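# Coordinate inspection notes
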Amino acid sequence: MDLRIFTEPQQGATYDTLLTVAKATEDLGFDAFFRSDHFLHMGDVDGLPGPTDAWITLAGLARETKRIRLGTLMTAATFRLPGVLAVQVAQVDRMSGGRVELGLGAGWFEEEHKAYGIPFPKEKFGRLEEQLAIVTGMWATEAGKTFDFRGTYYELTGSPALPKPAQAKVPVLVGGLGATRTPRLAAQYADEFSVPFASVEDSERQFGRVRAAAEAAGRGADDLTYSNALVVCVGRDDQEVARRAAAIGREVDELKANGLAGSPAEVVDRIGHYAAIGAGRIYLQILDLSDLDHLELISSQVQSQLS
């Protein structure tokens, strides 16, 4: 089971804070550092000092880390034009020496679009599908040849499809709980399918849909990696769990019901239930980025039991 650190910087984080967490992620033996792609905070926080751009952040981290994978859960298709996104991700992949992964989603948070003047189209899923086709198509185009695309929402003519990523194939993540279109897109374009903040039962159901869609598309169901994103709150005793829950404005019982919370033994057991339904990777949503002791505890007493 791979454990990855997943941050939500729109809730309030500077680049320096994210760099500190990314370096701890690397030093403590976690597999990857991922971040959300949002421009407006959510819930009862002030979000200060304000948002950081996902791909600018990852470009900086690419030069200041050496081992960990770097990526997004999920880049919003509404935020970027697909040709430009292909360039951005390829460049950051080269800057990292081939450690980047692209999670790409449709975009959903209308208020952040209003706040930053980003169009929020009614038809988002069709745009996502075309973006996946364009980004992966540009990367796959042989150097010296051009890429063309004509869709409902985007048109590219004579694109040199440059630069190329360092990796022969940048892993692409698709995720969500949609019953029909989402599994189809995953089967067509994804190397990994991720279920966000869902129960074991709902995750198993969605994994099954994606596996069936992959086989229908002529792929092996096991060609994809299956993963979950879950909030994490671990403590050495009940008091430490309660303190960490209070620090992120959550209740312990709710966190245990909907995430990974409790003692290291409880969390290892809970992860085991996700592993049993086919999850090979967990994105640990870390909401208190100042609590590096939390990461150390997870590394030494949770990750060590899953290696």
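Residues numbered from 1 in each chain as written. Predicted model: local features only at pLDDT ≥ 70, side-chain atom pairs only at ≥ 80, totals over all residues. Heavy atoms only, no water.

As a further point, take the packing of aromatic side chains. Applying the stated rule across the entire model yields five aromatic pairs. Taking the centre distance of 5.0 Å and the plane angle of 65 degrees together, the rings of Phe34 and Tyr283 count as edge-to-face. Of this pair, Phe34 sits in strand β2 (residues 32-35) while Tyr283 sits in strand β12 (residues 281-286); the two residues are 249 residues apart in sequence, bridging distant segments of the chain. Just as Phe34 is buried, Tyr283 falls in that class too. With centroids separated by 4.9 Å and ring planes inclined at 45 degrees, the aromatic side chains of Phe39 and Phe79 adopt a geometry described as tilted. You can see Phe39 sitting in the loop between β2 and α2 (54-64) and its partner Phe79 sitting in the loop between β4 (75-76) and α3 (82-96), a full 40 residues away along the chain. Assigned by exposure class, Phe39 and Phe79 land together as buried. The structure contains a cluster of three or more aromatic residues connected by ring pairs, namely Phe39, Phe79 and Tyr116. Against the face of Phe125 rests Arg181, its NZ or CZ located 4.1 Å from the ring centre. (Phe/Tyr/Trp six-rings, centres within 6.5 Å; stacked < 30°, edge-to-face > 60°. Helix = DSSP H or I, 4+ residues; strand = E, 2+ residues; numbered from the N terminus. Buried < 20%, exposed > 50% of the residue type's maximum accessible area, 1.4 Å probe, protein only. Lys NZ or Arg CZ within 6 Å of the ring centre and 35° of its normal.)

With that settled, the discussion passes to the side chain of Asp291. For Asp291, the location among the structural elements is in the loop between β12 and α11 (292-306). Residue Asp291 is classed as buried on the basis of its relative accessible area of 13%. Side-chain polar atoms of Asp291 contact the side chain of Arg244, separated by 2.5 Å. (Polar contact = N/O pair within 3.5 Å; in protein donor to acceptor, adjacent residues only side chain to side chain.)

Turning to its location among the elements, Arg243 is positioned in helix α8 (residues 238-247). Residue Arg243 is classed as partly exposed on the basis of its relative accessible area of 47%. Sequence separation between Arg243 and Glu123 is 120 residues, and the spatial gap between their C-alpha atoms is 43 Å.

It is worth spelling out the nonpolar core at this point. Membership of the largest hydrophobic core comes to 78 residues, with the highest contact counts inside it found for Leu3, Trp55, Trp139, Leu284, Ile298 and Val302. No other element matches the eight residues that helix α5 (residues 125-140) contributes to this core. Ignoring any residue separated from it by four or fewer positions in sequence, one finds Leu284 in contact with Leu3, Arg4, Ile5, Phe6, Phe30, Leu230, Val232, Leu260 and Ile298. Counting seven residues, the second-largest nonpolar core is a separate cluster that includes Ala32, Leu173, Ala229 and Tyr283. (Core = buried A, V, L, I, M, F, W, Y, C linked by side-chain atoms within 4.5 Å. Contact = heavy atoms within 4.5 Å.)

Evaluated as defined, the whole model comprises 23 salt bridges. Note that Arg4 and Glu101 form a salt bridge whose closest N and O atoms lie 2.9 Å from each other. Of this pair, Arg4 sits in strand β1 (residues 2-7) while Glu101 sits in strand β5 (residues 100-105), and the two are 97 residues apart along the sequence. As far as the burial class goes, Arg4 and Glu101 line up, both buried. A salt bridge links Glu111 to Lys114, with the shortest nitrogen-to-oxygen separation between them at 3.7 Å. Placement of both Glu111 and Lys114 in helix α4 (residues 110-115) is noted, with a separation of three residues, approximately one turn of the helix. Given a relative accessible area of 42%, Glu111 falls into the partly exposed group. Through salt bridges with shared partners, one network takes in Arg236, Glu240, Arg243, Arg244, Asp291, Asp293 and Glu296. (Salt bridge = Lys/Arg side-chain N within 4 Å of Asp/Glu carboxyl O.)

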